[in-house]
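Summary of structural features
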There are 2 protein chains.
Amino acid sequence: MEFTNYLERKRQDVDRFLESVMPKEATAPETLHKAMRYSLFAAGKRVRPILAIAAYEAIGGSSPAILPCAAALELIHTYSLVHDDLPAMDNDDYRRGKLTNHKVFGEAMAILTGDALLTMAFDLISRPADDKRLDPQAQIRVVQELSLGSGHAGMVAGQVADIEAEGKDIDLTTLEGVHRWKTGKLIRASVRIGGIVGGATDTQLEQLTGYAEEVGLAFQIADDVLNVVGSREELGKNANTDASRGKKTYPTFFGVEGARKLAEERVTSAIRHLQDFDEKAEPLRNLARYITTRKN
Amino acid sequence: MEFTNYLERKRQDVDRFLESVMPKEATAPETLHKAMRYSLFAAGKRVRPILAIAAYEAIGGSSPAILPCAAALELIHTYSLVHDDLPAMDNDDYRRGKLTNHKVFGEAMAILTGDALLTMAFDLISRPADDKRLDPQAQIRVVQELSLGSGHAGMVAGQVADIEAEGKDIDLTTLEGVHRWKTGKLIRASVRIGGIVGGATDTQLEQLTGYAEEVGLAFQIADDVLNVVGSREELGKNANTDASRGKKTYPTFFGVEGARKLAEERVTSAIRHLQDFDEKAEPLRNLARYITTRKN
């Protein structure tokens, strides 16, 4: 219950910050800003920003300095959804319970909306620092972390590998590789960015990274399970799409119960990486548990 | 002649640097890296990187510290071409004399290739500094400059405005606005980044900005003229596409000769902004002239 409050409070912090920095719909070019807001303010869970905030707090951080970085992570995540949903990619009509971006604004605008969200992530991180903000040294490390986690050696690579695996009889190692890139790298970056902004030592950053890698896999396994057992209403998008696409997932290999168990093992292992952390890391531990028990 | 050598030398510097940092085709995922290289190494003129280098040299810079930033500008430019050419956007089959990215690799891969190139631009700028490189303060200013120039308040905004203007009976002010965003902002960022990396004073940066804004418009007017008078062989892409799309351009308003004259006026004005600069700014002056006399 207490943790549900924590999630809700942090979600509101992130949303308030995003609201304060996103150009208003009336700002030219209006269609672009309308389309950016449409997908960004679509009841997202804000998992990546909250992971960054919780990691930041776990090592003692407590200022709003983390918010631009947390918001940047959500911009990156949202751009990836907008592009993934395009007809040339997954061709999805619904996302977070609403029509997908290209269904409302057209394909050209959805491509550009993704490009703009992606670019704005780096704008947010690099804005001139004021009292509450990062020093340039930390700012540039966050830029590096985010670009590596989301680009050709991270999330985009995973997207490519995912497309190439579709319809193929892939083995478990390949599946795990896809996930490690596609979901894992950005989750890893989220947690590490929290650590970097909080001034983590090398050892702490290593422990956070270990936690993040396990959580990333748990997150994706849980997603695969939800795709099988979740309803359209709970997910806010079409359910059971993996099976109908002939896509191999964790439930294909282990069954729903087997996959659930695997995810739980990952969570246990994630939490073990945090054993040197005190009670300030409790939200981070709870996040790992939440990720496998969520309903959407 | 001497300036042609300068251009060629700088183009080689940029290409060598790009070659050294771009993942090899055999790096997984192979298709992605093949597609990134396909569009990046396609006989581009490297105008934006060379503008950055020339601005850097104009204020006395002489180290390779500028190269990652120059390369990042080319990555951004290339990503914008890959996305612009997509069927949902301009639907072009040829670019720089070769089939467009999506004609070779498919639409999904072209979208992801653009995303990866865009993201890698920020990776290049933010890599940990060694002796020859930028200090974090300058690095983060470059990130800010590049994200503003290429995102929702810059190049992407121009692309949106351009799409929205197509087929409409727009006036000259609207046309100039489109250009100022679509081409102007990234050219402005290129020159300013050269200044920032070189340690320009506020006054110098202002003068460079004045130069860049005029050059940006001259560049686009010259592009419009080339679209009318250039041949497919010279351009490496289909010629006269604007007219066949009913697109209003500078030649529509002023005729080819009138537009040429306008571009020359912009060049003269651009060079006037550099009057406090010494002979080290000569390449920058020549670049302004080159931009209106080039054949592709």
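Given the structure is predicted, the values throughout are model-derived calculations rather than measurements.

Focus on the overall build of chain A
- If you tally the helices and strands in chain A, you get 14 helices and two strands.
- In terms of overall dimensions, chain A is globule-like: its C-alpha atoms have a radius of gyration of 18 Å, near the 19 Å expected for 296 residues.
- Sequence separation of 24 or more characterises 71% of the internal contacts of chain A that already satisfy a separation of 6 or more.

Digging into helix H2 (residues 30-40) of chain A
- Turning to H2 of chain A, its buried residues number three or more, namely Leu-32, His-33, Ala-35, Met-36, Tyr-38, Ser-39 and Leu-40 of chain A.
- Against helix H1 (2-21), helix H4 (67-84), helix H5 (101-105) and helix H6 (107-126) of chain A together with helix H8 (155-165) of chain B lie the buried residues of H2 of chain A.

Some remarks on the relation of the copies chain B and chain A
- Laying chain B over chain A is done by rotating through 180° and shifting 0.0 Å along the axis; what remains is an RMSD of 0.0 Å. Viewed as a symmetry operation, the transformation between the two copies matches a two-fold axis.
- Both copies present the same face, since 100% of the interface residues in chain B are matched by interface residues at the equivalent positions in chain A.

Describing the nonpolar core
- Within the largest apolar cluster, 188 residues are counted, with the highest numbers of intra-cluster contacts made by Ala-52, Ala-121 and Ala-218 of chain A together with Ala-52, Ala-121 and Ala-218 of chain B.
- Apart from residues no more than four positions distant in its own chain, Ala-121 of chain B is found in contact with Ala-72, Leu-75, Ile-76 and Leu-146 of chain B.

Some points on the interface of chain B and chain A
- Each side of the interface is counted separately: chain B has 41 residues, and chain A has 41 residues.
- Breaking the side of chain B that touches chain A down by element, the ones donating at least two residues are helix H2 (30-40), helix H6 (107-126), helix H7 (136-150) and H8 of chain B.
- At twelve residues, H6 of chain B tops the list of elements feeding residues into the side of chain B that touches chain A.
- Here the residues of the side of chain B that touches chain A are counted per class, giving 23 nonpolar, 13 polar and five charged.

Let's talk about the confidence of the model for chain A
- Per-chain confidence: chain A averages 92 in pLDDT, with 94% of residues scoring 70 or above.
- Note on the complex model: pTM 0.95, ipTM 0.95.

Some thoughts on the packing of helix H1 (residues 2-21) of chain B against helix H4 (residues 67-84) of chain B
Residues and elements named next belong to chain B.
- Packing of H1 against H4 leaves a shortest axis separation of 10 Å and a crossing angle of 85°. One element, H1, and the other, H4, form an angle in the roughly perpendicular class. Along its contact with H1, which presents Asp-13, Val-14, Phe-17, Leu-18 and Val-21, the element H4 presents Leu-67, Ala-70, Ala-71 and Glu-74.
- Residue composition of the contact of H1 with H4, by class: seven nonpolar, no polar and two charged.

Concerning helix H14 (residues 282-293) of chain B
- Compared with the 16 Å implied by 1.5 Å per residue over twelve residues, the 17 Å span of H14 of chain B between its first and last C-alpha is a close match.
- Residues of H14 of chain B that are buried: Pro-283, Leu-284, Leu-287, Ala-288, Ile-291 and Thr-292 of chain B.

Concerning unusual backbone geometry
- Note the cis peptide between Ala-28 of chain A and Pro-29 of chain A, where omega equals -10°.
- With respect to the secondary-structure elements, Pro-29 of chain A resides in the loop between H1 and H2.
- The backbone phi angle of Ala-43 of chain B is positive, close to 60°, even though this residue is not glycine.
- Secondary-structure assignment places Ala-43 of chain B in the loop between H2 and helix H3 (47-58).
- Under the C-beta neighbour-count criterion, Ala-43 of chain B is labelled exposed, with 12 such atoms within 10 Å.
- Phi at Arg-96 of chain B is positive, roughly 50°, even though this residue is not glycine.

Points about the packing of helix H9 (residues 172-198) of chain B against helix H10 (residues 202-229) of chain B
All names here are of chain B.
- Taken N-terminus to C-terminus, the directions of H9 and H10 make an angle of 145°; their axes are 8 Å apart at the nearest point. Here the hand of the crossing between H9 and H10 comes out right-handed. Here H9 contributes His-179, Thr-183, Gly-184, Ile-187, Arg-188, Val-191, Arg-192 and Gly-195 to the contact with H10, which in turn contributes Gln-204, Leu-205, Leu-208, Thr-209, Tyr-211, Ala-212, Glu-213, Val-215, Gly-216, Leu-217, Phe-219 and Gln-220.
- In terms of residue class, the contact of H9 with H10 is made up of nine nonpolar, eight polar and three charged.

Things to note about the environment of Leu-32 of chain A
- Tracing the backbone shows Leu-32 of chain A in helix H2.
- Taking C-alpha positions, Leu-32 of chain A is 8.8 Å from Ala-110 of chain A, a pair spaced 78 residues apart along the chain.

Looking at the environment of Thr-201 of chain A
All names here are of chain A.
- Position of Thr-201 among the secondary structure elements: in the loop between helix H9 (172-198) and helix H10 (202-229).
- Overall, the presence of 10 C-beta atoms within 10 Å leaves Thr-201 in the exposed class.
- With 142 residues separating them along the chain, Thr-201 and Ile-59 place their C-alpha atoms 9.2 Å apart.

Considerations on the environment of Ile-271 of chain B
Residues and elements named next belong to chain B.
- Of note, Ile-271 is situated in helix H13 (residues 250-272).
- Owing to 19 C-beta atoms within 10 Å, Ile-271 belongs among the partly exposed residues under this scheme.
- Excluding anything up to four places from it in sequence, Ile-271 contacts Arg-285 and Ala-288.

Rules behind the numbers
Residues numbered from 1 in each chain as written. Chains lettered and ligands numbered in written order. Predicted model: local features only at pLDDT ≥ 70, side-chain atom pairs only at ≥ 80, totals over all residues. Helix = DSSP H or I, 4+ residues; strand = E, 2+ residues; numbered from the N terminus. Rg over C-alpha atoms; globule rule 2.2 N^0.38 Å. Contact = placed C-beta atoms within 7 Å. Buried ≥ 20, exposed ≤ 12 C-beta atoms within 10 Å, placed from the backbone. Least-squares fit on C-alpha atoms with pLDDT ≥ 70 in both. Core = buried A, V, L, I, M, F, W, Y, C linked by C-beta atoms within 7 Å. Nonpolar A, V, L, I, M, F, W, Y, C, P; charged D, E, K, R; others polar. pLDDT = per-residue confidence, 0-100. Axes fitted to C-alpha atoms, helices over the stretch in contact; angles between N-to-C directions. Parallel < 35°, antiparallel > 145°, perpendicular 65-115°, else oblique. Expected span 1.5 Å × (residues − 1). Left-handed = near helix turned anticlockwise from the far one by under 90°.

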